Amino acid sequence: MAENNNNMPVAEPTEAQMSEILKVRRDKLANLVADGKNPFVITKFDFTDYSADIKADFEKYEGKTVKIAGRMMSRRIMGKASFAGVQDTKGKIQLYVKRDDIGQDEYAAFKKFDIGDIVGVEGFVFKTQTGEISIHAHSIVMLSKSLLPLPEKFHGLKDNDLRYRQRYVDLIMNPDVKNNFIIRSKFIKFMRKYLDDMDYIEVETPVLNTIAGGASARPFITHHNTLNLDMYMRIATELPLKRLIVGGMDRVYEIGRIFRNEGMDPKHNPEFTSIELYQAYADFHDMMDIAEGIISGAAKEILGTYEVEWLGEKIDLTPGWRRLTMVDAVKEYVGIDFGAITDDAEAVAAAEKIGVELAETADKTWGNALYACFDQRVEEKLIQPTFITMYPVEVSPLTKASPEDPRLTERFELFVCHSELANAYSELNDPYVQRERFEKQLELRDRGDDEAEMLDEDFLTSLEYGMPPTGGMGIGVDRVVMLLTNSDTIREVILFPTMKPLD
């Protein structure tokens, strides 16, 4: 069975038909090789222009000879002349291919090209009688043979599971998908410039560690053969970066992959990208200003507006975001005033009265009750950008306690559309208190909490040399890109998300 290369809608081929299509394409390649025209021996094609640039400035290009390269996505054979659509990295443009212009042999060869083949074209720019900007080809050469047919264009590639598994086909068939990753790249560039302009230094820290620290998360475990040593893929970059603060690098950041051996859902992928930054002689209020500046500034520069839509909600990123303590948030959204409660038992009872349950491994304390109420009753209600501040010490083992209330810490999380985008602290720099916090985390691990912190003796040693007052923050790059691209799943903003293997 021959493929339909004339832009007419056809049904997806059966298994037998697909086998015949594959045979036809491979036979065409064999004939090209036999004729000394093997496309795979071509090493280079010097194109001069992109489709989008030609179409955006026709007056500049009209009548000018150009060379473009891209994938043939459509074709209409009309005897001695044909039209074809070529897609390059910036868009699509129409070709007009005439036998009398490229030669009889070349035209006969062109008629045997398939949808999906990579071609190089030279010709002059003109408009057809219907007003479509096109290239009148002088020559056309196959640069690479497509041995597998693309999905039928009128149905496209719609199956999300297949889209994520075969992102290369997704990008071919759904060019708009590329825009998500262009925005992602622009956001990372914006972050870098923002921090570089503040005299931050970008650094790199180990991915493999003997201790998994800096976050409450289950790590991936691997093995180093030469050292015969189990190692952990990093779950955060926090502890190495704070060692650099101790060493006198007062402003540092790292953008990189983080690995957590946890579940997958629309907001979580086992490997994801974060930026962590640390600034000496600063606190969590400074980090709030930076988070707001980066995210709102990126929206304005990349999208041209502070108004975005995400998960069905209209979000206003105009600077001046709300800042709300966790106690006040629970009071406002749940109706329990933990500020008026001092007794652990009373706090736990208040939480249980509204159906909030504390984690099995958690102590029955005021702080854990407060956090459970927030986590289970408030977070889902936060739509517009909101900094939730002053977290309980029980859930913030690396954070400096509040001078006004030792039950709380100088920490915030940023929520937009009930999703956490950033987490920041006034960093704990007292080595004695830090040891106590680590030891408390070890108790939780002994009770079965495999996400509790490990004790890092070298980090404690670094604190004993003295770490200045420091503000630190982590921002989830993938989630911010979800916000900027109105994506409802993290898989839309990670080029190659983790997928369950096919049987």
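J.: Describe the pattern of salt bridges, with residues and values.
T.: Between side chains of opposite charge, pairing is possible as soon as their charged atoms come close. Enumeration according to the criterion identifies 32 salt bridges in this entry. A salt bridge links Glu202 to Arg192; its shortest N-O distance comes to 2.9 Å. Taken as a pair, Glu202 in strand 6 (residues 201–202) and Arg192 in helix 8 (residues 177–196) lie far apart in primary sequence, 10 residues in all. A relative accessible area of 34% places Glu202 in the partly exposed class. Connected through salt bridges with shared partners, the residues Arg25, Lys28, Asp114, Asp117 and Lys145 form a single ionic network.

J.: So, unusual backbone geometry: which residues are in play, and what are the values?
T.: Even without glycine at this site, Asp199 takes up a positive phi of about 70°. The residue Asp199 is located in the loop between helix 8 and strand 6 in this model. The exposure class assigned to Asp199 is exposed, which follows from its relative accessible area of 62%. The phi dihedral of Asn486 is positive, around 55°, even though this residue is not glycine. Residue position: Asn486 is located in the segment after helix 16 (477–485).

J.: Give me helix 16: which residues, what numbers.
T.: Buried residues dominate helix 16, accounting for 9 of its 9 residues. Considered for burial, the residues of helix 16 that qualify are Val477, Asp478, Arg479, Val480, Val481, Met482, Leu483, Leu484 and Thr485. Two residues or fewer past helix 16, Asn486 is found with a positive phi of approximately 55°.

J.: Account for the side chain of Glu276, naming residues and giving values.
T.: Among the secondary structure elements, Glu276 is positioned in strand 11 (residues 271–280). It is Arg260 that comes nearest to the buried, bridge-free Glu276 among opposite-charge side chains, at 5.8 Å. Only 3.2 Å separates the side chain of Glu276 from the backbone nitrogen of Glu238, close enough to count as a polar contact. In this structure Glu276 touches Ala236, Thr237, Glu238, Leu241, Val252, Tyr253, Glu254, Met473 and Gly474, once residues within four positions along its chain are discounted.

J.: Before we move on, could you go through the sheet that holds strand 10 (residues 251–259) and cite the residues and values that matter?
T.: Strand order in the open sheet formed by 8 strands is 6-10-11-18-17-16-15-14, with mixed pairing between adjacent strands. Single-partner strands in this sheet number two, and they are strand 6 and strand 14 (322–325). Where strand 14 and strand 15 (residues 386–392) come together, 4 bridges link them in parallel fashion. Bridging from a neighbouring strand, Thr325 pairs with Thr389 of strand 15. Packed onto the sheet, helix 16 meets strand 11, strand 16 (408–416), strand 17 (419–426) and strand 18 (470–476) and runs at close to 55° relative to strand 18.

J.: Can you break down the nonpolar core residue by residue, with the values?
T.: By size, the foremost hydrophobic cluster in this structure holds 72 residues, and its most contacted members are Phe187, Phe338, Phe412 and Met473. In this structure, Phe187 is in contact with Ile294, Ala298, Ile302, Val477, Val480, Val481 and Leu484, ignoring residues within four places of it in sequence. One finds Leu32, Val66, Leu95 and Ile135 within the second-largest nonpolar core, a separate group that totals 24 residues.

J.: So what's going on with the environment of Asp478? Which residues, and what values?
T.: Structurally, the position occupied by Asp478 is in helix 16. Spatially, the C-alpha atom of Asp478 lies 18 Å from that of Ile290, the residues being 188 residues apart in sequence. Excluding residues that lie within four positions of it along the chain, Asp478 makes contacts with Arg184, Phe272, Thr273, Ile490, Val493 and Ile494. Engagement of the side chain of Asp478 in a polar contact is seen with the backbone nitrogen of Thr273, the distance being 2.8 Å.

J.: Please set out the packing of aromatic side chains residue by residue, giving values where relevant.
T.: Scanning the model with the defined rule gives 15 aromatic pairs in all. Here Phe374 and Tyr391 contribute two aromatic rings whose centre-to-centre distance is 6.3 Å and whose plane-to-plane angle is 65°, an arrangement assigned as edge-to-face. Pair noted here: Phe374 is in helix 13 (residues 366–378) and Tyr391 is in strand 15, with a separation of 17 residues, a long-range link. Each member of the pair, Phe374 together with Tyr391, is buried. Relative to Phe459, the ring of Phe438 has its centre 6.4 Å away and its plane inclined at 65°; by these criteria the two rings are edge-to-face. Of the two residues, Phe438 is situated in helix 14 (residues 431–446) and Phe459 in helix 15 (residues 457–464); the sequence distance between them amounts to 21 residues. Here Phe438 matches Phe459 in class, with each residue buried. Site record: aromatic cluster; members linked through ring pairs are Phe83, Tyr96, Phe124 and Phe126. Between the NZ or CZ atom of Lys67 and the centre of the ring of Phe45, over which it lies, the distance is 5.1 Å. Lys300 extends its terminal NZ or CZ atom over the ring of Tyr306, reaching a point 5.1 Å from the ring centre.

Quick notes on the rules
Note that residues are indexed from 1 along each chain, following the sequence as it is written. pLDDT decides what is reported in this predicted model: residues at 70 or higher carry local features, side-chain atom pairs at 80 or more are listed and counted, and totals for whole chains, interfaces and linings draw on all residues regardless. To get the side-chain values, all heavy atoms of the structure are used, and hydrogens and water are removed first. Definition used for salt bridges: Asp or Glu carboxyl oxygen within 4 Å of a side-chain nitrogen of Lys or Arg. Helix and strand labels come from DSSP, where a helix needs a run of H or I of at least four residues and a strand needs a run of E of at least two; each type is numbered from the N terminus. Any residue under 20% of the maximum accessible area for its type is buried, any over 50% is exposed, and the rest in between are partly exposed; the area is computed with a 1.4 Å probe on protein chains only. The charge count includes Lys and Arg as positive and Asp and Glu as negative, but it does not include His or the ends of the chains. N or O atoms within 3.5 Å of each other form a polar contact, as long as, within protein, one can give a hydrogen and the other can take it, and as long as residues adjacent in sequence are counted only when both atoms are side-chain atoms. Contacts between residues were defined by any pair of non-hydrogen atoms, one from each residue, lying within 4.5 Å. Strand pairing is assigned whenever DSSP identifies at least 2 bridges connecting the two strands. Axis lines are fitted through C-alpha atoms, for helices just across the contact stretch, and the angle between N-to-C directions can take any value from 0 to 180 degrees. Residues belong to a common nonpolar core when they are buried Ala, Val, Leu, Ile, Met, Phe, Trp, Tyr or Cys residues joined through side-chain atoms within 4.5 Å. Between the rings of Phe, Tyr and Trp (Trp by its six-membered ring), a pair exists once the centres lie within 6.5 Å; its type follows the angle of the planes, with under 30 degrees stacked, over 60 edge-to-face, and the other angles tilted. The rule for a charge over a ring is simple: NZ of Lys or CZ of Arg within 6 Å of the ring centre, and within 35 degrees of the ring normal.

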